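The chain contents come next:
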Amino acid sequence: MMKIYNTLTHQKEDFKPIEPGKVRMYVCGLTTYDYCHIGHARMLVAFDVVVRYLRAIGYQVTYVRNITDIDDKIIRRASENGEGFGQLTERFIRYMHEDEAMLHVLPPDIEPRATGHIAGIITMVKTLIANGSAYAADNGDVYFSVPGFANYARLSRKHPDELLAGARIEIDETNKHDPRDFALWKSAKAGEPGWESPWGFGRPGWHIECSAMSTTCLGHTFDIHGGGSDLMFPHHDNEIAQSEAATGKHFVNLWMHNGPVRVNDEKMSKSLNNFFTVREVLKKYPAEVIRYFLVASHYRSFINYSEETLQISWDAVERFYHALKGLDTTGVIAALDTGYEARFHAAMQDDFNTPEAIGVLFELAREINRLRNEDAGKAASLAVLLRQLAGLLGLLESDPAEFLRTGSAVDPAAVESLLAQRLAARTAKNWAEADRIRDQLKALNVVVEDRNGVSGWRIERPVQD
RNA sequence: GGCUGGAUGGCAGAGUGGCCAUGCAGUGGACUGCAACUCCACGUACGCCGGUUCGAUUCCGACUCCAGCCUCCA
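The residue count restarts for each chain, going from 1 along the sequence in the order it is written. The naming scheme follows written order: chains are lettered A onward, ligands numbered 1 onward. Since the coordinates come from a predicted model, pLDDT governs what is reported: local features require at least 70, and pairs of side-chain atoms require 80 or more to be given and counted, while whole-chain, interface and lining totals use all residues. As a convention, hydrogens and water are excluded, and side-chain values are obtained from all of the structure's heavy atoms.

Each pair of aromatic rings taken from Phe, Tyr and Trp, with Trp reduced to its six-membered ring, is defined by centres within 6.5 Å and is described as stacked if the planes are under 30 degrees apart, edge-to-face if over 60, and tilted in the remaining cases. On inspection of all chains with the given rule, the structure shows 19 aromatic pairs. Measuring from centroid to centroid gives 6.4 Å for Y299 and F352, while their planes differ by 75°, and the two rings are edge-to-face. Of this pair, Y299 sits in the loop between α9 (287–295) and β13 (303–305) while F352 sits in the loop between α11 (340–349) and α12 (354–371), and the two are 53 residues apart along the sequence. Each member of the pair, Y299 together with F352, is buried. Taken together through their ring pairs, the aromatic side chains of Y26, F222, F251 and W255 make up a single cluster. One Lys or Arg, K158, reaches over the ring of F233 and ends 5.4 Å from the middle of that ring. Going along the chain from the N terminus, every DSSP run of H or I of four or more residues is numbered as a helix, and every run of E of two or more is numbered as a strand. For the exposure calls, accessible area comes from a 1.4 Å probe over protein chains only, and a residue counts as buried if that area is under 20% of its type's maximum, exposed if over 50%, partly exposed in between. By the criterion adopted, a ring carries a charge over it if an Arg CZ or a Lys NZ lies within 6 Å of its centre and within 35 degrees of its normal.

Lining residues are those with an atom within 4 Å of a point, where the points come from a 1 Å grid over the protein atoms alone and group into cavities, where a 1.4 Å probe fits but cannot get out, or pockets, open sets with protein on both sides within 12 Å along at least five of seven lines. Grid points are joined across faces, edges and corners, and a volume is the space filled by probe spheres set on the points. Counting across every chain of the model gives four cavities of 30 Å³ or more. Volume-wise, the largest cavity comes out at about 90 Å³. For the lining of the largest cavity, the secondary structure elements donating two or more residues are α1 (38–56) and α9. Ranked by the residues each element gives to the lining of the largest cavity, the list is headed by α1, at five residues. The residue inventory of the lining of the largest cavity, partitioned by class, reads eight nonpolar, two polar and one charged. Classes in brief: Ala, Val, Leu, Ile, Met, Phe, Trp, Tyr, Cys and Pro nonpolar; Asp, Glu, Lys and Arg charged; the others, Gly included, polar.

What follows deals with the layout of surface pockets. Of the voids in this model, the second largest pocket is the one considered here, and its volume is about 260 Å³. The dominant element in the lining of the second largest pocket, judged by the number of residues it contributes, is strand β15 (residues 454–459), at three residues. Partitioning the lining of the second largest pocket into residue classes produces three nonpolar, five polar and four charged. Here the lining of the second largest pocket gathers at least three residues from each of two domains, domain 2 (263–403) and domain 3 (412–459). By convention here, the domain bounds are inherited from an automatic or database domain assignment.

Bringing the environment of A424 into the picture now. Looking at the element boundaries, A424 is found in helix α15 (residues 412–427). Residues A424 and L386, 38 residues apart in the sequence, show an inter-C-alpha distance of 36 Å.

We now examine the packing of α12 against helix α13 (residues 376–391). α13 packs onto α12 with a crossing angle of 160° between their chain directions and a minimal axis gap of 8 Å. Taken together, the axes of α12 and α13 are roughly antiparallel relative to one another. α13 is crossed by α12, and the crossing has left-handed handedness. Two secondary-structure elements touch here, α12 through L361, L364, A365, E367, I368 and L371 and α13 through A376, K378, A379, L382, A383, L385, L386, L389 and A390. Among the residues forming the contact of α12 with α13, the class breakdown is 13 nonpolar, no polar and two charged. Where helices are involved, their axes are fitted lines through C-alpha atoms of the stretch in contact, as for all axes, and angles between N-to-C directions lie from 0 to 180°. These descriptions rest on fixed angle ranges, namely under 35 degrees for roughly parallel, over 145 for roughly antiparallel, 65 to 115 for roughly perpendicular, and the rest for oblique. Note: crossing handedness is left-handed where the near helix turns anticlockwise from the far helix by less than a right angle, and right-handed where it turns clockwise. In this description, contact between two residues means that some pair of their heavy atoms is separated by no more than 4.5 Å.

Structurally, the position occupied by H117 is in the loop between α3 (85–102) and α4 (118–130). Non-local contacts of H117, meaning those with residues more than four positions away in its chain, are made with P112, M213 and T216.

So, on to the confidence of the model for chain A. In the predicted model, chain A carries a mean pLDDT of 93, and 97% of its residues have values of at least 70. Scoring of the predicted complex yields 0.95 for pTM and 0.95 for ipTM. pLDDT expresses, on a scale from 0 to 100, how confident the predictor is about each individual residue.

Counting buried positions along strand β10 (residues 252–258) yields six of seven residues, so the element is predominantly enclosed. Note on handedness: a clockwise path from strand one over the helix to strand two, with the strands aimed away from the viewer, defines a right-handed crossover. Read from strand β9 (residues 222–228) through helix α7 (residues 232–247) to β10, the crossover connection turns out right-handed.

This part takes up the sheet that holds β9. One open sheet holds the four strands; their spatial order is β4-β3-β9-β10, and the pairing between them is parallel. Of all the strands in the sheet, the pair left with one neighbour each is β4 (60–65) and β10. Pairwise comparison of adjacent strand axes, ignoring direction, gives a mean angle of 20° for this sheet. On the sheet, α1 packs against β3 (22–27), β4, β9 and β10 and is oriented at approximately 165° with respect to β4. Strands β9 and β10 of the sheet are contacted by α7, whose axis makes an angle of about 155° with β9. Only strands joined by at least two bridges in the DSSP assignment are considered to pair.

In structure tokens, the structure reads:
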């Protein structure tokens, strides 16, 4: 039985989808006006693992992840660049898809864009006005009326009075009846893009798009809603308020939130401008190392991005590939009765405990190393199992020898030629010559590994400061 | 101030009422011509103070410290 932590109830719950065997899941995606950073990558990978795993244990998953392709930041950035907002978002959507592919994140089944759902958003806002949950201000803005919604902010467990006391009242919020009210529709200022609506030319507020897109794609009530923990308040609380006020139905059964990424033990955020983009990180580390780093901690805890943690991740991934290297797994069936598989699944079914699952994979790797000389067949079948299980995390999808030569600028043929000369020297017991060739290779960052009379090689990876 | 979460061995990071996480680094040994890779062995880890218990790092209570959210954010 799959157990998943529900942010709404603050406990792990047995996972029971509304429709047996099927899972309807919505995750808040990106606002596309800049490159993806490592925090985005964490969200993408965390829910990628959720989807992969739920599918692996037999669920038919409909995974929806939206794109916010119209909002204030997009408008500002486009205007700074002197380009249309659509030009800007198209470009960064393309970059996002490239980054996803690099990180082995499978695409969602449906990837709705806010600008593609304007009609649905307007319909929902109309409904909210009609039933008294929202009101149009004189300037063409439409606000959701928070005081009218019982149990507001039950996800973040904030008290209404304290929100009132702490609310920041700004100049453009003077049209609100209550400081906690939030915009469903924003009227366009001169020169801003927008759409015609019953309240004039304007654009949707941020929160309403997710309510409209999720209910359009998945129905009034669905199984899982995910996103970064920083979205819990106000975004997700507002989604709940809007959706339930509009449909009268319970919105979502299970809320999942991934933890934040910190950089050198400091909060990483747009405002501090200390974020690393996926692209720059990919220049320093192989994609699988980044992915390992992201799943080696539990998805709900915070993780710290630093050169040290990434180096440790690299070591770990190399260890796996050393275990897989040189085993002929073509046509081999995975070992079935090992216990490793059961332990791996037990960890994963306990709220996707990937660190514990990975611990099991390391034990499996050691077993492979132990067996490889005495029983190559069994070692190969365990290697197939290792690959299968790691595959559920989106890991170990590369060729071992190739991975161990990541970033190599040397010519493989030249290396092989030197290795052949060295083998001749070794056969003749000319150790001085053999060592000289090995030193020569070392100068090229090539490390020689002799095993069972066969000389393999790998690249000594760069160590960052 | 309110809400939420955290404090585990040199570092990273799971977990459990009594016995092993796991990875990296370290020490000793095996393998190797020497290395590398690999294997074996080793480390009196659970913030502080009380309580429950035969027994608590694990449960309960107080305390200290840290972080996230309450403003755009994955």
